[in-house]
Amino acid sequence: MKENKYDNESFFKQYSQMARSVSGLKGAGEWHAFQKMLPDFHGKRVLDLGCGFGWHCRYAVEQGAAHVIGIDLSEKMLNKAKEINNSPLIEYKCLAIEDFTYEPDSFDVVISSLAFHYLESFDNICSKVYQCLTTGGSFIFSVEHPIFTAQSGQNWYVDEQGKRLHWPVDNYFSQGNRTTTFLGEQVIKYHKTLTTYINSLIRSGFEITALIEPEPKKTMLENVPEMQDELRRPMFLIVSAVKK
Ligand SMILES: C[S@@+](CC[C@H](N)C(=O)[O-])C[C@H]1O[C@@H](n2cnc3c(N)ncnc32)[C@H](O)[C@@H]1O
């Protein structure tokens, strides 16, 4: 099932107020790690799956990409992308990630930031990405970490005073949909195990080049006291792979 939550008026409004929406990549907690995983963009044809406001598309162009296609299910997200991250080198398309098809050898780099946990199957995406990439091409994506997605509550276990005791992990091997609460709304996400992410890549023919469970930046840890809790469990998983 494809849920287009980002076109929901109140959800979109909330999302638009997040730091990553207002300040772009520097407001995204995992960007410092994601950026390190990216290849040289000079002259590259780039596809961004679930591009949202288009911050990564713009970054690719600023780094010398020849052409970027950003696809997203949400018209509201794409309208904003066209407004704030526009470039003659970027083409935004309203399309579900599950439905994209491109000829073999269409792209040199495929990226996706925090979109795949909204998709039921990762296997399908992997083989489609593999097919449309050129040999030697790069695939880099981030998702909410399987430890973060296992429980639909996606919240700390607290005591009566509200003190955070631990992060609950349960039903880890029961993959599938979770009705979560995000920005005060019910949102469907799909939990997948680490095995699923890694083996789907391997089965599709990719060579995995790096995997990061990013920790907050040192400055964030120093300036925002609550950030210390982000060292207690991983929130994101970032993987880079190459088509051999
Ligand atoms: C958390 S936002 C991330 C946006 C952007 N990649 C970023 O990191 O700033 C997730 C995006 O994925 C998009 N999305 C969710 N499910 C999708 C699907 N099935 N097909 C295409 N886009 C989808 C949403 O509309 C939203 O724009």
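That block above? That's the structure.
Right, let's walk through the structure included here. (Residues numbered from 1 in each chain as written. Predicted model: local features only at pLDDT ≥ 70, side-chain atom pairs only at ≥ 80, totals over all residues. Heavy atoms only, no water.)

Structurally, S204 can be placed in helix α8 (residues 194–204). Other than its neighbours up to four places away in sequence, S204 contacts D123, C126, S127 and Y130. (Helix = DSSP H or I, 4+ residues; strand = E, 2+ residues; numbered from the N terminus. Contact = heavy atoms within 4.5 Å.)

We now examine the site of the ligand. Around the ligand there are 20 residues in total, and G50, D72, I97, E98 and S113 lie nearest to it. A distance of 3.0 Å separates an oxygen atom of the ligand from a polar atom in the side chain of R20. Side-chain polar atom of S113 to an oxygen atom of the ligand: 2.6 Å apart, as the coordinates give it. Protein chains shield 96% of the accessible area of the ligand, which is 590 Å² for the free molecule. The residue makeup of the shell around the ligand, split by class, is 12 nonpolar, five polar and three charged. (Near = heavy atom within 4 Å. Polar contact = N/O pair within 3.5 Å; in protein donor to acceptor, adjacent residues only side chain to side chain. Areas by Shrake-Rupley, 256 points an atom, 1.4 Å probe, with all protein chains shown as cover. Nonpolar A, V, L, I, M, F, W, Y, C, P; charged D, E, K, R; others polar.)

Counting 34 residues, the largest nonpolar core has L38, F41, V46, V68 and I140 as the members making the most contacts within it. Elements with a minimum of two residues in this core: α1 (9–16), α3 (31–37), α4 (55–62), α5 (75–84), β3 (90–94) and β4 (107–113). It is α4 that provides the largest number of residues to this core, a total of five residues. What V68 contacts, discounting residues up to four positions off in sequence, is V46, C57, A60, V61, L89, I90 and E91. C126, C132, V143 and Y197 belong to the second largest nonpolar core, which has 28 residues in total. (Core = buried A, V, L, I, M, F, W, Y, C linked by side-chain atoms within 4.5 Å. Buried < 20%, exposed > 50% of the residue type's maximum accessible area, 1.4 Å probe, protein only.)

With glycine set apart, most residues show a phi of negative sign, and most peptide bonds adopt trans. The phi torsion at D105 lies on the positive side, around 65°, for a residue other than glycine. With respect to the helices and strands, D105 occurs in the loop between β3 and β4.

What follows covers the packing of aromatic side chains. One pass over the structure, following the stated rule, counts 23 aromatic pairs. Centroid distance Y102 to F107: 5.0 Å. Interplanar angle 90°. Geometry classified as edge-to-face. A relative accessible area of 22% means that Y102 is categorised as partly exposed. Using a relative accessible area of 3% as the deciding quantity, one classes F107 as buried. (Phe/Tyr/Trp six-rings, centres within 6.5 Å; stacked < 30°, edge-to-face > 60°.)

Another aspect to go through is the pattern of salt bridges. The final tally for this structure, using the stated rule, is 16 salt bridges. The partner of K189 in a salt bridge is E144, and the shortest N-O contact between them spans 3.0 Å. You can see K189 sitting in strand β9 (residues 185–191) and its partner E144 sitting in strand β5 (residues 133–144), a full 45 residues away along the chain. Taken as a pair, K189 and E144 share a single burial class, namely buried. Through salt bridges that share partners, R45, D105 and D108 make up one connected network. (Salt bridge = Lys/Arg side-chain N within 4 Å of Asp/Glu carboxyl O.)

Okay, the environment of L194 next. Note that L194 resides in helix α8. Exposure remark for L194: the relative accessible area of 29% places this residue in the partly exposed category.

Our focus in this paragraph is the environment of M220. As for its position among the elements, M220 is in helix α9 (residues 218–223). C-alpha of M220 to C-alpha of G29: the two residues are 191 residues apart in sequence and 8.6 Å apart in space. With near-sequence residues (within four places) excluded, M220 lies in contact with G29 and M227.

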